[in-house]
Structure formats: C-alpha cells, structure tokens
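Listed here are the chains, written in short residue letters.
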Amino acid sequence: LAVDASADSGRKIPDTLFGIFFEEINHAGAGGIWAELVNNRGFEAGGQNTPSDFSPWAIIGNESTVFVGTDRSAPFKRNAVALRVQANCDADECPSTGVGVYNPGFWGMNIEDGKGYKLILYVKSLDSINISTSLTTSDGLQTLATSNIVASASDVSNWTKVQLELFAIGSTPNGRLQLTTNKKGVFWLDQVSLMPMDTFMGHGFREDLVSMLADLKPRFVRFPGGCYVEGERLSNAFRWTASIGPWEERPGHYGDVWQYWTDDGLGYFEFLQLAEDLGASPVWVINNGVSHRISVSTTNILPWVQDALNSIEFARGDASSTWGSVRASMGHPDPFDLKYIAVGNEDCGKKFYRGNYLKFYNAIKEAYPDIEIISNCDGSRTTLDHPADYYDYHIYTSTSDMYKMKDFFNSASRSGPKAFVSEYAVTDSSAGTGSLLASLGEAAFLIGLEKNSDVVEMASYAPLFVNANDRRWNPDAIVFNSAQMYGTPSYWMQHFFKESSGAVLNPTYILPNLSSQLAASAVTWKTSDYGSFLKIKIVNIGSDSVNLKIMVSGLTHTINSLSSSTTILTSHHVMDENSFLNPTKVVPQKSVLTDANTEMDVVLSPHSFTSFDLAL
Ligand code: AHR
C-alpha cells in the first residue's frame, strides 16, 4: 500500500462528512435517550376519547378497594385526559400496599442507589389527600425511595402542580413508580413525570446513551426521521408545533409507522438542543405534506410551507420574532445554528413531491438564502430536474454489495448537488443483529465515501438506536434497555472515522489484485498541540490474513513512534456480535505501534479493520 502524504497532494475532506441520524424508531427517544421514566405520563396514549386504555399504568388494589378510570378533566387544552382514582377503603380496610396505581416505565425503570429523581405531577381532589409516592422493585415489595403528598382540600381543589425529589436507597433496573393512598376519596392525576436528576448537560437526555453519541464526535444530527417524519398517514406524522412549549401541554402522538406512542417530551426544541450539546449541525427533516399513504396536493401546500418557515424562525429568529420568542421562553434566547433542511424523507417518487418540493425550496431560499436544502431525489446517476444543494441517498444492502459500493460514487456526477448519504447499513442475514462482517462492509463503504468526499459531503448510519424490548428494525448501532447498552460493531467501526471530517485525504494506491479484499484510505489532521497524525485505515474483508508493505512518502515531519498506535476491530468469528452479556466482544483494541515508520511490514488479520495512527 503506497500512501502519498505530501502536503500538495492532499484534499480537504468536508467538515461535515460524518454525523448521525436520529430517528424515533425502536423506542430510540421515548424510553430511550429521552430520560423520562414514566410511560404515558399524560394518560393520552389510549386516545382522546374516554374511557380510554391508560396502560402501561396498572392498578394497585382490587375491585372492591379502588376504581380507576379516565375522564377529560385535565387542565390542559390539547391533552384533556386525566386519571381518576377512587379509593374505596380507609386506613386498615386498605391492603398494606395502599391502593392506587403504578407505572412500570419502559420495560422497567432504572433506579440507582444514591441517585435523585425529580417527580412532577398534577393533582386535584375535592377532599384532603394523603398520597404516597414511591419507587419500588417490579413486584412493589421493596421500596427504594418514598415521599408523601399531604394536602388539605382547599390546597388541591383546583389542579395543583406538585414537585418532589426522591432519593434512592437501593437499585433495580426494573423499578416502578407507585402512587397510593390509604384514605377513602377521589383524586385526579395528570402529567406525571419522573426524571433522573442527572441528565446529559442537564438537558433531559440519558447520560450513558448520549455519551456514546458524543464519543463519535458527530458533525451533524439528522432528525427526527426517517419514516417517522412522514407517518403512514399525515394525521400521525411528527408535527413540530405540537412538540414545543411546556411539556405538560404537549398532546403527544402515536407514530403509526413504528407503532408506538410518544408524549413528545423529546420535541423539536430538544432535538436542536441535542445537536448543540453534541457540537453538531442540526439537519431538520421537514414533512412536505407527503406521508406513506396520503399526499397534500401542490395547490394546497402553502400552509405547510409556512409551517416550515415558522419552524426555521423558531430555530433562528431573534427573541423578538413570533416563533423565536417561543424558543426564548423555553430557555434558549440565542438562535440555534440551523443550516440544513431536508424536504421530506424517501418521497421522491411519491405523488406531488416534486411540485411540493419546489414550493418549499423557493420559499426557504427566499427567506433564508444560506440554508442548504436536501432533495429526496437521487442525483448520483442523473441530473436532478430541480434545484438542490444536496441529494439524499439511502443504501440498505448485503455485506458483499456494501463492500462493492465503496466505488459507487467514483462515477457520480462531479457537478450539481452534493450527496448526503443519510442512511446506510448492511441489513441482510450477514448482519445478524449487528455482526463484525456487516461492519467491515460498511467500513469499506465509508472509505469509499472519504475518497469521494469531493461529491459526498455527509453520511450517517441508520438506525442509531434500538431498545431491545421493541426491535422494530434490525440491525442498529446502539442496543440498550433501561440500564444497559452496547455498541454493535457497526457503531465501533464509526470510531475509526471520527477524525476524518475536516481532515486532509491523502492519496493511497493499492495493487489492483488486492482490491477485492482490501479497502484503504489515509487522512492527516492537526492536533491541538501543533502535532499531527496520519491515520491509515485498511479493511480486510477476506478470510485470509494479508502480509502488506505500507510505504509512506512525502512526510515532512518525523514519526514519533512512542505516540503512534494501531487499532484493530476483529473477532474470532466473522459473525460475532456484542450483547448485554458480552458487550465488548467486538470492540476496537488499541496498542502501541512500536515499529512505526515510513516503511512497515504489517500483517492484516482475517476479517479485520485496522488503523495505523502515525504521530508526526
Ligand atoms: O432507518 C429506518 C428506515 O429506513 C427509515 O425510517 C427510512 O428512511 C428508511 O426506509
């Protein structure tokens, strides 16, 4: 392998090349990165008509001691459903547990010894109340934290917001929140929220999961979908205006593509905040009036266009603008750095898309000329019939095909819009539920994107997350449950590319007879201490080891072998995966590269992805 590291032969890779795509799929957000522990906190998941199904809330007590149902007495205009609890027992007539309800969260709440939890709820009663709030084990038998709400009738005759802090004195990954009483009478509950006090940067995200994203150093966050943006029907699509403002007042919605309820605690504002917290550019995928089944005609689309303009004003307008003031009231007076808008998701062939797209494009460009617009139509092989800054490209395929796709963009048009590969993954049986083999095909593909980064400016794996209790799509980059998580090899593979965005791509040459088995690239970047690194990455997708000579020319600095290293992603078997039991079976292993030099004889393990990081 020849690497030309001379300064004048390199080409800068776009600053944005590698980012992440977050979709609300597989409970990635609700019951995932959004740290809310209560599932169906507003009792709206069963629909706006009552009586409704208030599950997963469940009753503590029996038919003679308690009656629980829903009515529409809540104080919030857009989410009127509340829970009515009628206790029919007093003191020692009640079971020792008391009577009331519990919420098991999203397949169990992770309660951790010594940690604090903020409980907020709205309550109303015509009588005095004495409600015990507690965090318990899944059977309710062991109490891990408790606090009482005691109030006179006059205190709670109108809906009253109660805030408590609960401190856990034990741990369980499968806990629940109980709200019980030993006092005869009726009370109503609404908007019951339980959040850990420690969240990522204090903004409501699960620290462990979002740290895994931060570790990837993503340059952009595409959100909130995917198909989630479109909906099977428009009536069930994500609507940004319903997802902003005080959390209690958000109506929530049923995402009919991935088939679960979300209370929209993770809304448009929170997505923008997440991108900012990760130091990444937000890529806002807007609904352009096109869902899987229904499309708004171009003649009727203008209100949707205005809605998109409003969403941009919400993100970027100053605090005196109509929508910018709403953002400011949510605690972010400064604008968010929104520069990318994707008009729809996978909608190119759908009825009215092209007509609608042009309306959005023209209106957004007129109001915000600097915003870059992403079309759903593939411009890799044909010239688009409409203006765009980027075309969206999605690829889900087999490992062998993904490996070959490393050359796909070699023949993409060099003029016209740039490519945004916003969804890629190996998805056939070679991926298992996240195999080493799949990650090698994907690594080769990304090497191809680096080499074609004159025309490919952005790329992200899909999907990012799966809650193992609700696997709607397989495979995914990060697998989690209430308390555990691990990266699949596809997640770890992306770590090899985290310095690439904004780095310099150095030309590499590999013998043609090796290219069906090896894919390689080299990038150089400067470190903060005036040093620099040359990273040479090589995928060996074959089942044989390969003896390779690496020859680096054009270096103007000497190699510091003490600071040089090599990192390898491989395993005993090509179909090996990580799991909750063995989360680090297939993860990068780093070691010192003692013989770092301009000429190195290396042995590439079978089925491996190796980087040689030369400190300069
Ligand atoms: O990533 C999963 C789904 O795949 C996305 O929602 C959609 O855009 C694509 O079809």
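Cut-offs used in this document
Residues numbered from 1 in each chain as written. Predicted model: local features only at pLDDT ≥ 70, side-chain atom pairs only at ≥ 80, totals over all residues. Heavy atoms only, no water. Helix = DSSP H or I, 4+ residues; strand = E, 2+ residues; numbered from the N terminus. Rg over C-alpha atoms; globule rule 2.2 N^0.38 Å. Buried < 20%, exposed > 50% of the residue type's maximum accessible area, 1.4 Å probe, protein only. Contact = heavy atoms within 4.5 Å. Areas by Shrake-Rupley, 256 points an atom, 1.4 Å probe, with all protein chains shown as cover. Pairing = 2+ DSSP bridges. Axes fitted to C-alpha atoms, helices over the stretch in contact; angles between N-to-C directions. Polar contact = N/O pair within 3.5 Å; in protein donor to acceptor, adjacent residues only side chain to side chain. Near = heavy atom within 4 Å. Nonpolar A, V, L, I, M, F, W, Y, C, P; charged D, E, K, R; others polar. Phe/Tyr/Trp six-rings, centres within 6.5 Å; stacked < 30°, edge-to-face > 60°. Domains from an automatic or database assignment. Buried area = accessible area lost by both parts, 1.4 Å probe. Salt bridge = Lys/Arg side-chain N within 4 Å of Asp/Glu carboxyl O. Disulfide = S-S within 2.5 Å.

(A) A look at the overall build of the protein chain. The helix and strand inventory of the protein chain stands at 10 helices and 35 strands. Against the compact-globule benchmark of 25 Å for 616 residues, the protein chain has a radius of gyration of 27 Å, which places it among compact chains. Along the three orthogonal principal directions, the C-alpha set of the protein chain runs to about 85 × 55 × 45 Å. Each of the 616 residues in the protein chain was classed as buried or not, and the buried ones make up 60%. For the protein chain, contacts bridging at least 24 residues in sequence account for 75% of all contacts bridging at least 6. Carbon together with sulfur atoms contributes 51% to the accessible area of the protein chain, which is approximately 23400 Å² in total.

(B) Structural context of the sheet that holds strand β12 (residues 160-167). Read across the sheet, 5 strands follow the order β5-β6-β14-β9-β12 without closing on themselves; strand pairing throughout is antiparallel. Edge positions in the sheet fall to β5 (66-71) and β12, since each of these pairs with one other strand and no more. Going from strand to strand, the sheet's axes swing by 30 degrees on average, the running direction of each strand aside. The pairing of strand β9 (residues 116-125) with strand β14 (residues 185-196) spans 8 bridges and is antiparallel. Of the residues in β14, the one forming a bridge with Leu119 is Leu194.

(C) Layout of the sheet that holds strand β30 (residues 532-540). Taken in spatial order, the 7 strands line up as β2-β27-β29-β30-β35-β32-β33 in an open sheet, and their pairing is antiparallel. Of all the strands in the sheet, the pair left with one neighbour each is β2 (11-12) and β33 (589-592). As paired elements, strand β32 (residues 560-569) and strand β35 (residues 608-615) share 6 bridges and run antiparallel to each other. Residue pairing in the sheet places Thr566 in a bridge with Phe612 of β35. This element, helix α9 (residues 436-451), spans β2, β27 (504-506), β29 (518-526), β30, β32 and β35 of the sheet and lies at about 60 degrees to β29.

(D) Region of interest: unusual backbone geometry. Residues Ser55 and Pro56 are joined by a peptide bond in cis, for which omega reads 10 degrees. Among the structural elements, Pro56 can be located in the loop between β3 (20-21) and β4 (58-60). One non-glycine residue with positive phi stands out, namely Asn40, at about 70 degrees. Its location among the elements puts Asn40 in the loop between β3 and β4. Residue Asn40 is classed as buried on the basis of its relative accessible area of 2%. Not every positive phi belongs to a glycine, and Met201 is a case in point at roughly 55 degrees.

(E) Layout of the side chain of Thr524. Locating Thr524 in the fold gives a position in strand β29. Within polar-contact distance, the side chain of Thr524 engages the side chain of Asn506 at 2.4 Å.

(F) Geometry of the site of the ligand. Every residue close to the ligand is listed here: Glu23, Gly226, Cys227, Trp258, Asn345, Glu346, His394, Tyr396, Glu423, Ala462, Pro463 and Trp473. In this structure, an oxygen atom belonging to the ligand sits 2.6 Å away from a side-chain N or O atom of Glu23. In this structure, an oxygen atom belonging to the ligand sits 2.7 Å away from a side-chain N or O atom of Tyr396. Coverage of the ligand by the protein amounts to 94% of the 280 Å² it exposes when considered alone. Here the residues of the shell around the ligand sort into 6 nonpolar, 3 polar and 3 charged.

(G) Structural context of the packing of aromatic side chains. Applying the stated criterion across every chain, the model contains 36 aromatic pairs. Their ring planes at 40 degrees and their centres at 6.3 Å tell us that Phe223 and Tyr268 sit as a pair that is tilted. Here Phe223 is found in strand β15 (residues 220-223), whereas its partner Tyr268 is found in helix α4 (residues 268-277), with 45 residues between them in sequence. Side by side, Phe223 and Tyr268 carry an identical accessibility label, which is buried.

(H) Region of interest: the domain arrangement of the protein chain. Splitting the protein chain by domain gives domain 1 (2-13 + 504-615), domain 2 (20-35 + 204-495) and domain 3 (58-196). Computed from C-alpha atoms alone, the centre-to-centre distance between domain 1 and domain 2 is 30 Å. Each partner contributes to the interface: domain 1 provides 34 residues, whereas domain 2 provides 35 residues. Surface buried jointly by domain 1 and domain 2 totals about 2500 Å² across both partners, of which 68% is contributed by carbon and sulfur atoms. Contact with domain 2 buries area across many residues of domain 1, yet Ile541, Glu577 and Phe580 alone supply 25% of it, more than any other trio. Linking domain 1 with domain 2 are 1 salt bridge, by the criterion used here. Note that Lys537 and Glu450 form a salt bridge whose closest N and O atoms lie 2.8 Å from each other. The interface formed by domain 1 and domain 2 contains 13 residue pairs in polar contact (both at pLDDT 80 or more). Sorting the residues of the side of domain 1 that touches domain 2 by element identifies β29, β30 and β35 as the ones contributing at least two each.

(I) Focus on the state of the cysteines. Going through the model one piece at a time under the given rule, you end up with 2 disulfides. Residue Cys89 pairs covalently with Cys94 via a disulfide, S to S 2.0 Å. Here the disulfide of Cys89 and Cys94 is right-handed, its torsion about the S-S bond being about 100 degrees. Here Cys348 pairs with Cys377 through a disulfide, and the sulfurs are 2.1 Å apart. On the S-S bond that ties Cys348 to Cys377, the torsion sits near 100 degrees, and the link is right-handed. Of this pair, Cys348 sits in the loop between β19 (340-343) and α7 (353-367) while Cys377 sits in the loop between β20 (372-375) and β21 (390-397), and the two are 29 residues apart along the sequence. For the pair formed by Cys348 and Cys377, the shared burial category is buried.

(J) Structural detail: the pattern of salt bridges. Counted under the stated rule, the structure contains 26 salt bridges. Across the pair Asp392 and Arg222 runs a salt bridge whose closest N-O atoms are separated by 3.5 Å. Taken together, the residues span a long stretch of sequence, with Asp392 in strand β21 and Arg222 in strand β15 at a distance of 170 residues. Given the relative accessible area of 0%, Arg222 is considered buried. Arg316 is paired through a salt bridge with Asp370; the nearest N and O atoms lie 3.0 Å apart. Separated by 54 residues along the polypeptide, Arg316 in helix α5 (residues 302-316) and Asp370 in the loop between α7 and β20 bring together distant segments of the chain. Within the structure, one salt-bridge network assembled from shared partners comprises Glu36, Arg41 and Asp263.

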